[in-house]
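# Tertiary structure, described
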Amino acid sequence: MDYEPVIGLEVHAQLLTDTKIFCGCSTKFGEEPNSNTCPICIGLPGVLPVLNRKVVEYAMRMAMATHCRINERNTFARKNYFYPDLPKGYQISQYDHPLAEMGYVDVEINGGKKRIGITRIHMEEDAGKLIHDEEQPLSYVDLNRAGVPLIEIVSEPDMRSPEEGAAYLRRLHEILVYLEICDGNMEEGSFRCDANVSLRPKGREKFGTRAELKNMNSFRNVQRALEYEIVRQRGVLEKGGVVVQETRLWDDYQGITHSMRGKEEAHDYRYFPDPDLVDLSISKAWIEEIATTIPELPMEKRKRFVGEYGIPPYDAGVLTTSRALADFYEKVAELCGNPKIASNWVMGDFLAYLNENKLEVSESPVKPEALADMINLIDNGTISGKIAKEVFEAMWKSGKHPQDIIEKKGLKQMADAGELEKVVDDVLTANPKQIKQYKAGKEQLFGYFVGQTMKATEGKANPQIVNDILKKKLSE
Amino acid sequence: MKISKEEVGHVAHLARLNFSEEEKETYTSQLNEILMYMDILNKIDTSDVAPMTHAISLTNALRDDVKRKSLGTDRALANAPEEAGDFFKVPRVID
C-alpha cells in the first residue's frame, strides 16, 4: 500500500531579550552555572513573577510576520509536571488564551509554492538544563536557562514530506532572525524543533497515530529523523502492526529514533490559570505600533532584488541570508550603480573574507562606500578586475580607501596605447621563435603573448588594449 | 459520586503524594462534598457573565526589560539539599 506522511512541527524560539520573562535575571548564554538566578526563577515560595514587556512585543512581531490573528485577551497558565529542570513543579505557559492563532507561512518546494498553516503562537518560560552523570544515577541542574523567554510556534499538520518540514523550518528560522527577536542558534538551543509524524494510506482523510520526535538539533537532523521515522512506521504498518502514540528521541550517532519509556502519564498537565499573573490585554493601538517595527522579510526581499537589480534568484538568495548582508549589498549596489558587479563582489571576495576571518558583516574592515568606490574604479578602467582582487585584499587588511592603495602600490591600470605598444614590442623581440610558430599556424600562442605582456606590466596592462595591439602587430 | 477513588489516586500520583487507602477514602468523600457544592453554584445563571481568571480586574502588569542583580551561584545553592560544584545535585529521573 502507498502511504502518505503527515507532519506537523513545534518550534521553540528563545527571544533576544536582555532579561528573563518574569524576572530581571540576565538571559546570557554560557555564564557560570546557576549564577543568573533569583528567587523568582528558581521557584522559591512567595515570589511574584512580572511579565517582561519586550517578550510580548517580540512575540507580536513573529505573530504579525506569520499572518496570525493576535488575540486581545491573553492569559497565562500553569503546566504542571515534575522534572528537575523545572524548579516550581510547573511551567508558566499560555493555554486557552494564547497570544496569536491562525497564521501561515509560504515555503518554496521544488520551484513551487506551498502554504503551511500556523495553529498558534504562545509565550512561555524555558526550563533549566540537566547534565546527567555518566556513571552514577545522578543529574546536575543549572537553572540559568529557567525563565528565559520562549515562543512556541505550532504548525498545522500540513507538511507531506521531510523536505517540506525542513523548508518550513528554514523559513521560520530566517523570519525570526530577520525580525531580530531570536539569534537562531540551534547548537546553543535558541531554536529547537519537535516533530509530530504519522502515516496514512494515500487518499484517506483520517490521520494515523503519530509519534512525537525530539532531540534534533539541526535542520539536517530534523529531516533525517523524519525520514527514518517514516520508514520505521511504514515497516510497522506493512507487517500489520500498529503505530504506538509515544515520544521518540532522535539518536544522531546511530541515525535512528528510539522510544522514550515511562513518560505516557506525564502528559496529564492539569493546566489552570496562573493566579500570580494578571490577564494581558493587547490593544489595536499596540498592534499598530509594533507593526511599524516589522522589516521587509527575506522572501519579499529576494523577490525585490531579482526585479529591481536584475540579479539571478540564486544570488538574491545568498545576499538575503541575513539582513545585515542584504543591507550591505544594497548600499554597495546603489552607490556604485552596478548591481550585478556589486553582487559578484559581495557574494565572492567579501563573503569569502568574512567567512575566513569568522566576522559578522558589521565587523568588516571594508565598508560599503569603499567597495562601491573600488567597483567604480574597475568600471572607469582605472584598475583591471584582476588587480581589483589585490586591491580588495589590501583594503581588507588596512581598512584604507581603494584610491590610496592603488596610488601607493602603483596598481593603476596601464591604458596608454603608446606605452603599451612599447611593452608589446619588447615582448615580441624577446620571443622570435614563438612568433615564427604563431605565423606558421599555432594560433593558441596568442594567449602566451598576452600573458607575457601582462607579466611585464605586473598585471596592470588593460587587457583589451593589449589584445588590440597584439592582433595588429602579429598580422603585420 | 463526582470523583472516584481511582481518580483521587491518579491525581495524588501526579502530585507525587503518597496516600494510604484510608486517606484516599477520606479525600474522595471530602472532594465529592466540594464538587457537590459546585452544583449549587452552577444553578446560578451566568450566561451573560464572561469567564474570569482573577478576582481583580487589573490587566497588563508589565516590567521593562532591565537587568536586576541576581543571587549568584553561591547564594542560589545555599539552601540546596545537595550540590556538586556549581550545580544542584538531584537523583536521575530518566535513564
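All values reported here derive from a predicted model rather than from experimental measurement. (Residues numbered from 1 in each chain as written. Chains lettered and ligands numbered in written order. Predicted model: local features only at pLDDT ≥ 70, side-chain atom pairs only at ≥ 80, totals over all residues. Heavy atoms only, no water.)

The next subject is a nonpolar patch on the surface. Residue and element names in this part refer to chain B. Among the surface-exposed residues, Y27, L31, I34, L35, Y37, M38, I40, L41 and I44 lie close enough to one another that they form a single nonpolar patch of about 790 Å² accessible area. With respect to the helices and strands, L35 occurs in helix 2 (residues 21-42). A residue is classified by how much of its surface remains accessible, and L35, at 31% relative accessible area, is partly exposed. (Patch = residues over 30% accessible without salt bridge, like charges linked within 9 Å, V, L, I, M, F, W, Y side chains within 5 Å. Areas by Shrake-Rupley, 256 points an atom, 1.4 Å probe, with all protein chains shown as cover. Salt bridge = Lys/Arg side-chain N within 4 Å of Asp/Glu carboxyl O. Helix = DSSP H or I, 4+ residues; strand = E, 2+ residues; numbered from the N terminus. Buried < 20%, exposed > 50% of the residue type's maximum accessible area, 1.4 Å probe, protein only.)

Residues and elements named next belong to chain A. When you line up the elements, L474 lands in helix 15 (residues 463-474). By relative accessible area, which is 7% here, L474 ends up buried. It is 75 Å that separates the C-alpha atoms of L474 and R120, two residues lying 354 residues apart in sequence.

Right, let's get into the domain arrangement of chain A. It is common to report an interface's size as the accessible area lost on association of the parts. Here chain A is described as being made up of domain 1 (3-289), domain 2 (298-409) and domain 3 (417-474). With centres defined by C-alpha atoms, the gap from domain 1 of chain A to domain 3 of chain A works out at 67 Å. (Domains from an automatic or database assignment.)

The next thing to look at is the sheet that holds strand 8 (residues 112-125) of chain A. All names here are of chain A. Strand order in this open sheet of 9 strands is 3-7-8-11-1-12-13-14-15, and the pairing throughout is mixed. Unpaired on one side and paired on the other, strand 3 (69-70) and strand 15 (256-259) mark the two borders of the sheet. Direction of pairing for strand 7 (residues 100-109) relative to strand 8: antiparallel, over a ladder of 9 bridges. Residue pairing in the sheet places G103 in a bridge with I118 of strand 8. (Pairing = 2+ DSSP bridges.)

The next point concerns unusual backbone geometry. All names here are of chain A. You will see that N34, though not glycine, has its phi angle at about 65°, which is positive. Judged by its relative accessible area of 0%, N34 falls in the buried class. Non-glycine residue R270 carries a positive phi angle of around 45°. On the basis of relative accessible area, R270 is assigned to the partly exposed category, the value being 28%.

Residues and elements named next belong to chain A. Using the criterion set out here, one finds 17 aromatic pairs over all chains in the structure. With 5.4 Å between their ring centres and 65° between their planes, F305 and Y309 make a pair best called edge-to-face. Within this pair, F305 and its partner Y309 are both found in helix 5 (residues 298-309), separated by 4 residues, close to a single helical turn. The same class applies to F305 as to Y309, namely buried. Taking the ring centre of Y269 as reference, the NZ or CZ of K79 above it sits at 4.4 Å. One Lys or Arg, R115, reaches over the ring of Y104 and ends 3.7 Å from the middle of that ring. (Phe/Tyr/Trp six-rings, centres within 6.5 Å; stacked < 30°, edge-to-face > 60°. Lys NZ or Arg CZ within 6 Å of the ring centre and 35° of its normal.)

This next bit is on the nonpolar core. Residues and elements named next belong to chain A. Membership of the largest hydrophobic core comes to 105 residues, with the highest contact counts inside it found for M62, M123, I151, I153, Y168, L371 and M374. Of the residues forming this core, the biggest block, 9 residues, is contributed by helix 1 (residues 53-65). Structurally, this core is a two-domain feature, drawing no fewer than three residues from each of domain 1 (3-289) and domain 2 (298-409). Filtering out sequence-adjacent residues up to four positions away, M123 remains in contact with I21, V55, V56, A59, N74, F76, S93, Q94, L99, L150, I151 and L280. (Core = buried A, V, L, I, M, F, W, Y, C linked by side-chain atoms within 4.5 Å. Contact = heavy atoms within 4.5 Å.)

Attention now goes to the interface of chain A and chain B. The interface of chain A with chain B comprises 56 residues on the first partner and 38 residues on the second. Carbon and sulfur atoms supply 59% of the area buried between chain A and chain B, which totals about 4000 Å² over both sides. Summed over the shared surface of chain A and chain B, the number is 1 salt bridge. The salt bridge involving R53 of chain A is made with D64 of chain B; its shortest N-O contact spans 3.6 Å. Joining chain A to chain B, the criterion identifies 27 residue pairs in polar contact (both at pLDDT 80 or more). Put simply, the parts of the chain that give the side of chain A that touches chain B at least two residues each are strand 2 (51-52), helix 1, strand 9 (129-132), strand 10 (138-142) and strand 17 (280-281) of chain A. Counting residues per element, the side of chain A that touches chain B draws most heavily on strand 10 of chain A, which supplies 5 residues. Sheet topology note: the strand 2 of chain A/strand 1 (residues 62-63) of chain B ladder contains 2 bridges and is parallel. The partner of N52 of chain A across the bridge, within strand 1 of chain B, is R63 of chain B. (Buried area = accessible area lost by both parts, 1.4 Å probe. Polar contact = N/O pair within 3.5 Å; in protein donor to acceptor, adjacent residues only side chain to side chain.)

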